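Summary of structural features
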Amino acid sequence: MLCGFFIKRTLLALALFASLSFGEFSLEDLPLRFTAGASIGKMTPVMAVMGVGYENVILYVEGMGVHKGDNDFWCGWRGDLAWTFFLKSPFNLDLGVSGGYEYARAPNKIFQALNKSNDAYLVFPYNYRESAELSLELRAHLYGFYSQIAYPVYHFLKHDEPKFIWRMGYTVNVL
């Protein structure tokens, strides 16, 4: 709470200083851009998306998770650093590198029945997928809607790892 007080006061002082030092202060004159939105895709079904950019360089951070039970959950996160082409037009492209980690676990009724019928723990009662990779990525934006495809070039962890990672979503410019 005290930290938030100082952050607000500092930002207010910086804005006042900028307006006094450089004439009229306008948010449109800042080279920074902020985006927020949501996406769907594979392996993590839904992710929240936040982006911070400076001129043509942008950093996206995505992530989300759901926990329904001991063997029924998924989670994932991604970080993307990209260069934006055609920044001021309604259609633009982001080309860069990304890295991410995804994990999913779901119950397997057949394996559970096998364990129950043999009265022993022979196999895991769930299926899982896990992937951690470094990828080359391309995003195509049109009026906030975007499509993203990433090609993994190095896998740190792999268990049912994807050949391509795709996502679709919508982002808005916050500032």
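This structure is a prediction, so every number in the text was calculated from the model and none was measured. (Residues numbered from 1 in each chain as written. Predicted model: local features only at pLDDT ≥ 70, side-chain atom pairs only at ≥ 80, totals over all residues. Heavy atoms only, no water.)

**Focus: the overall build of the protein**
Tallying secondary structure elements over the protein gives two helices and eight strands in all. The helix and strand sequence of the protein, counted from the amino end, reads α-β-β-β-β-β-α-β-β-β. Sequence-distant contacts, at least 24 apart, represent 51% of the contacts inside the protein between residues at least 6 apart. A total accessible area of about 11,500 Å² is found for the protein, and carbon and sulfur atoms account for 70% of it. (Helix = DSSP H or I, 4+ residues; strand = E, 2+ residues; numbered from the N terminus. Contact = heavy atoms within 4.5 Å. Areas by Shrake-Rupley, 256 points an atom, 1.4 Å probe, with all protein chains shown as cover.)

**Regarding the pairing of strand E1 (residues 32–41)**
Examined bridge by bridge, E1 and strand E2 (residues 46–54) share nine bridges and lie antiparallel to one another. Counted as the bridge partner of Leu32 is Tyr54 from E2. The antiparallel pairing of E1 with E2 creates a hairpin that spans four residues between the two strands. (Pairing = 2+ DSSP bridges.)

**Notes on the nonpolar core**
Val49, Ile58, Tyr60, Ala82 and Tyr146 form the largest nonpolar core, which has five residues in total. Discounting residues that sit within four places of it in the chain, Ile58 has contacts with Arg33, Thr35, Val52, Gly53, Asp80, Leu81, Ala82, Thr84 and Asp94. (Core = buried A, V, L, I, M, F, W, Y, C linked by side-chain atoms within 4.5 Å. Buried < 20%, exposed > 50% of the residue type's maximum accessible area, 1.4 Å probe, protein only.)

**Considering the packing of aromatic side chains**
Within the structure shown, the criterion is met by three aromatic pairs. With 4.8 Å between their ring centres and 80° between their planes, Tyr154 and Phe156 make a pair best called edge-to-face. The partly exposed category is assigned to Tyr154, whose relative accessible area is 46%. The lysine or arginine in question, Arg139, covers the ring of Tyr60, its NZ or CZ lying 3.9 Å from the ring centre. (Phe/Tyr/Trp six-rings, centres within 6.5 Å; stacked < 30°, edge-to-face > 60°. Lys NZ or Arg CZ within 6 Å of the ring centre and 35° of its normal.)

**Observations regarding the confidence of the model for the protein**
In the predicted model, the protein carries a mean pLDDT of 81, and 80% of its residues have values of at least 70. Confidence, read as mean pLDDT per element, is least for helix H1 (residues 2–21) in the protein (56) and greatest for E2 (92). (pLDDT = per-residue confidence, 0-100.)

**A look at the side chain of Thr44**
Here Thr44 is to be found in the loop between E1 and E2. Judged by relative accessible area, Thr44 falls into the buried class, the value being 2%. Setting aside residues no more than four positions away along its own chain, Thr44 makes contact with Met64, Trp74, Cys75, Gly76, Glu102 and Arg167.

**Quick look at the environment of Val52**
With respect to the element layout, Val52 can be found in strand E2. Distance in space between the C-alpha atoms of Val52 and Arg33 is 5.9 Å, their sequence separation being 19 residues. Excluding anything up to four places from it in sequence, Val52 contacts Arg33, Phe34, Val57, Ile58 and Leu59.

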